[in-house]
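One letter stands for each residue in the lines below.
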Amino acid sequence: HVLSPFTCPALSDISATCPLPQSQPQPRPQEVNHKPSSIYHRTPGTPVGYYGPSDPTEPPSPPPQPQQAAAPEKDKNPWTKGPLCRRAGHDEFCAFTHTTFHSGRGISLITTPTRMLLLGSQPPLNETLSPPATPDTPPPYTDVTIPGKGIGLVATEPIRAGRRVMAATPAVMVDDKAFRGLRRDDLAMLLGQAIISLPAQHSARFLNLSASGDDDVRTQFDIVHKIFTTNAFRTPVQGVELGENEKIEGWEKEMDYQSTFVEVSRLNHACAPNLGYYFDSATLSHRVYAVKDILPGEELTISYVDVLQPSTTRQSLLAKTWSFTCTCPRCTAEAHLLDESDARARQIQQLRRELDDHSVSATPEKAELLITLYELEGLHVRIYEAYYRAAIEWNGVGDSGRAMRYARLCLDKGLLLRGPNRPFVDSMRELVADPTHHWSWRFRLKSAQEAKPTAV
Ligand SMILES: C[S@@+](CC[C@H](N)C(=O)[O-])C[C@H]1O[C@@H](n2cnc3c(N)ncnc32)[C@H](O)[C@@H]1O
């Protein structure tokens with residue numbers, strides 16, 4: 001599978017075709033204008049590499065053509081690569097775009113040519129017209145402007161805990177090595193190319209996302225960079241297994257990417273969210289599920305930070321990275337209630353340490369207490385971790401009935417938050433199948449050396 005040497009002529013020099021505008025005053029995050037701004041709005045039919053009319057006297061663009069997934073010719077490589085690549089140390093990173101991916105939705109990758117060749121040759125990226133993940137039509141939510149939060153998503157119908165709310169593929173995936181290694185300007189340039197090379201509808205939706213903070217924003221590339229960093233998720237990708245004697249420089253079994261998705265990026269933050277998510281490497285889709293029952297009119301939320309940290313730590317991380325002060329109930333309760341919430345979070349951390357250290361004595365009651373604390377904090381998004389420990393502890397004292405009950409609960413919630421390919425999922429399935437052959441069977445009654453734990 002060889003990448004064609006196709007280059008897009010209009011992108012032969014991005015800085016020549018797209019002269020950088022002078023410093024643009026940027027709205028503060030709360031005031032972000034969610035209409036596509038004219039300098040970023042690329043109307044269909046405009047040559048790739050051109051950001052759209054910046055001169056108001058220019059004649060209007062031709063009317064938009066209906067969007068259609070171009071039928072890929074057999075054996076034609078669907079990937080295009082701009083001529084622009086940038087170095088970070090020994091590595092060279094380029095922007096690649098697959099415009100027909102997911103029936104014309106398109107996807108861009110910023111990575112090394114070697115990784116591109118290998119990733120692009122494995123599913124789902126080698127499937128030119130891969131079927132879209134079964135869409136929920138219409139989706140059970142709508143986007144609305146929420147005072148002080150910009151745009152957010154609100155339920156339009158009851159959503160039961162466990163229901164999948166979204167499954168979407170990224171607009172752009174950036175190799176973590178590029179994200180951390182490239183100079184900011186170089187990354188911004190590659191991002192600009194990655195985004196304008198997407199099908200027009202997808203790139204317009206990306207450019208319509210919010211950009212937090214207004215520091216260091218001078219050019220349109222800075223804005224693309226800011227949008228990307230405000231909305232990116234860590235998305236580990238499993239690479240194809242290489243043969244025993246095969247070695248390819250830069251190829252790892254699991255490779256970290258940072259990715260932005262146009263739908264998921266509209267979800268605002270809460271410290272006890274009603275949605276959980278995980279990234280499914282096999283389909284490259286971000287899967288979002290309800291973790292509690294949600295009523296029509298309720299805002300849909302995810303957590304941007306570790307919900308077990310103290311409220312002050314959560315607040316400072318949210319302010320530093322996303323430029324807002326959280327007003328969720330776990331952050332704005334009266335002082336004595338806030339203290340209680342922080343004390344519960346501290347006790348959760350302490351109990352987890354005790355339960356995971358199999359050299360000290362822990363009891364099923366401590367695991368039950370852990371469940372109660374997660375419930376009191378409304379942390380349904382992480383409660384599978386407590387169910388896991390309760391299953392292990394009850395099995396550890398030889399109570400297979402209770403152990404199986406908690407293993408079932410752990411699978412029910414954990415599959416929504418971590419997906420099926422996790423060691424703890426296998427472990428809980430083994431326990432349910434036969435508790436007496438699970439590593440944890442009566443382990444609390446034996447010596448510490450005999451037990452072989454699985455982490456969750
Ligand atoms: C990933 S975006 C979420 C969607 C965004 N509200 C929009 O209008 O597109 C992250 C940005 O949304 C805003 N945001 C998210 N959660 C918030 C919250 N709980 N309170 C206030 N602003 C929030 C912040 O401006 C943050 O930088």
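Scroll up a little and you will see the structure.
Rules of the game
- Residues numbered from 1 in each chain as written.
- Predicted model: local features only at pLDDT ≥ 70, side-chain atom pairs only at ≥ 80, totals over all residues.
- Heavy atoms only, no water.
- Helix = DSSP H or I, 4+ residues; strand = E, 2+ residues; numbered from the N terminus.
- Buried < 20%, exposed > 50% of the residue type's maximum accessible area, 1.4 Å probe, protein only.
- Contact = heavy atoms within 4.5 Å.
- Areas by Shrake-Rupley, 256 points an atom, 1.4 Å probe, with all protein chains shown as cover.
- Near = heavy atom within 4 Å.
- Polar contact = N/O pair within 3.5 Å; in protein donor to acceptor, adjacent residues only side chain to side chain.
- Nonpolar A, V, L, I, M, F, W, Y, C, P; charged D, E, K, R; others polar.
- Expected span 1.5 Å × (residues − 1).
- Core = buried A, V, L, I, M, F, W, Y, C linked by side-chain atoms within 4.5 Å.
- Disulfide = S-S within 2.5 Å.
- Arc of directions from axis to C-beta.
- Pairing = 2+ DSSP bridges.
- Axes fitted to C-alpha atoms, helices over the stretch in contact; angles between N-to-C directions.
- Parallel < 35°, antiparallel > 145°, perpendicular 65-115°, else oblique.

Draft legend 1. The arrangement of the overall build of the protein in detail. Helix and strand content of the protein: 14 helices and 13 strands. Counting only residues that meet the buried cut, the protein has 50% of its 456 residues in that class. Contacts spanning at least 24 positions in sequence make up 67% of the contacts within the protein whose residues lie at least 6 apart. Of the roughly 21900 Å² of accessible surface on the protein, a fraction of 53% belongs to carbon and sulfur atoms.

Draft legend 2. How the structure looks around the site of the ligand. Taken together, 18 residues are adjacent to the ligand, and Lys-149, Ile-151, Arg-266, Asn-268 and Trp-322 come closest. Interatomic distance of 2.7 Å between a backbone N/O atom of Ile-151 and a nitrogen atom of the ligand. Side-chain polar atom of Asn-268 to a nitrogen atom of the ligand: 2.8 Å apart, as the coordinates give it. Burial of the ligand by the protein chains amounts to 95% of its free accessible area of 570 Å². Taken together, the elements giving at least two residues each to the shell around the ligand come down to β5 (150–155), α7 (220–231) and β10 (268–269). Taken together, the residues that form the shell around the ligand break down as 6 nonpolar, 10 polar and 2 charged.

Draft legend 3. Expanded view of the side chain of Thr-112. Mapped onto the elements, Thr-112 comes out in the loop between β3 (107–111) and α3 (113–120). Relative accessible area serves as the criterion here: at 11%, Thr-112 is assigned to the buried category. Apart from residues no more than four positions distant in its own chain, Thr-112 is found in contact with Asp-91, Glu-92, Phe-93, Phe-96 and Asp-175.

Draft legend 4. Up close: helix α12 (residues 383–396). With 14 residues, α12 should cover 20 Å at 1.5 Å per step; its first-to-last C-alpha distance of 20 Å lies within 8% of that length. Of all 14 residues in α12, 14 are buried, a share of seventy percent or more. Once α12 finishes, Gly-398 follows within two positions and takes phi at roughly 85 degrees, a positive value.

Draft legend 5. Here's a closer look at the nonpolar core. In terms of nonpolar packing, the biggest core is built from 39 residues, with Leu-370, Ile-371, Tyr-374, Tyr-388, Tyr-406, Cys-410 and Met-428 touching the most fellow members. Elements with a contribution of two residues or more to this core: α10 (335–356), α11 (364–376), α12, α13 (400–418) and α14 (423–433). Considering each element in turn, this core owes the most residues, 9 residues, to α12. Residue contacts for Met-428: discarding those within four places in its chain leaves Tyr-388, Ala-391, Ile-392, Ala-407, Cys-410 and Leu-411.

Draft legend 6. Geometry of the state of the cysteines. Counting across every chain of the model gives 1 disulfide. Paired through a disulfide, Cys-85 and Cys-94 show a sulfur-sulfur distance of 2.1 Å. When the S-S torsion is 110 degrees, as for the bridge of Cys-85 with Cys-94, the disulfide is right-handed. Each member of the pair, Cys-85 as well as Cys-94, carries the same accessibility label: buried. Cysteine Cys-326 is unpaired, with the sulfur of Cys-328 as its nearest cysteine sulfur at 3.6 Å. You can call Cys-328 buried: its relative accessible area is 9%.

Draft legend 7. α14, seen in detail. Every buried residue belonging to α14 is among Phe-424, Val-425, Ser-427, Met-428, Leu-431 and Val-432, and all of these are buried. Down the axis of α14, the buried set is contained in an arc of 160 degrees. They therefore lie on one face. The exposed residues of α14 that point more than 90 degrees off its buried face are Pro-423 and Ala-433. Elements that come into contact with the buried residues of α14 comprise α12 and α13.

Draft legend 8. A look at the side chain of Asn-268. Looking at the secondary structure, you find Asn-268 in strand β10. Within the structure, the side chain of Asn-268 is placed 3.3 Å from the backbone oxygen of Ile-151, a separation counted as a polar contact. Residue contacts for Asn-268: discarding those within four places in its chain leaves Ile-146, Lys-149, Ile-151, Gly-152, Glu-299, Leu-300, Thr-301, Ile-302 and Tyr-304.

Draft legend 9. Quick peek at the sheet that holds β5. Overall, mixed pairing links the 4 strands, which are arranged β4-β5-β13-β10 in an open sheet. Both edges of this open sheet fall to β4 (141–146) and β10, since each of them pairs with a single strand only. Sheet topology note: the β5/strand β13 (residues 299–302) ladder contains 2 bridges and is antiparallel. Note that in β13 the partner of Leu-153 across the bridge is Leu-300.

Draft legend 10. The packing of helix α5 (residues 184–196) against α7, seen in detail. The interhelical angle for the contact between α5 and α7, taken along N-to-C directions, is 85 degrees, at an axis separation of 8 Å. The orientation of α5 with respect to α7, classified from their angle, is roughly perpendicular. Taken together, the residues of α7 that come into contact with α5 (itself represented by Arg-184, Asp-185, Leu-187, Ala-188, Met-189, Leu-191, Gly-192 and Ile-195) are Phe-221, Asp-222, Val-224, His-225 and Phe-228.

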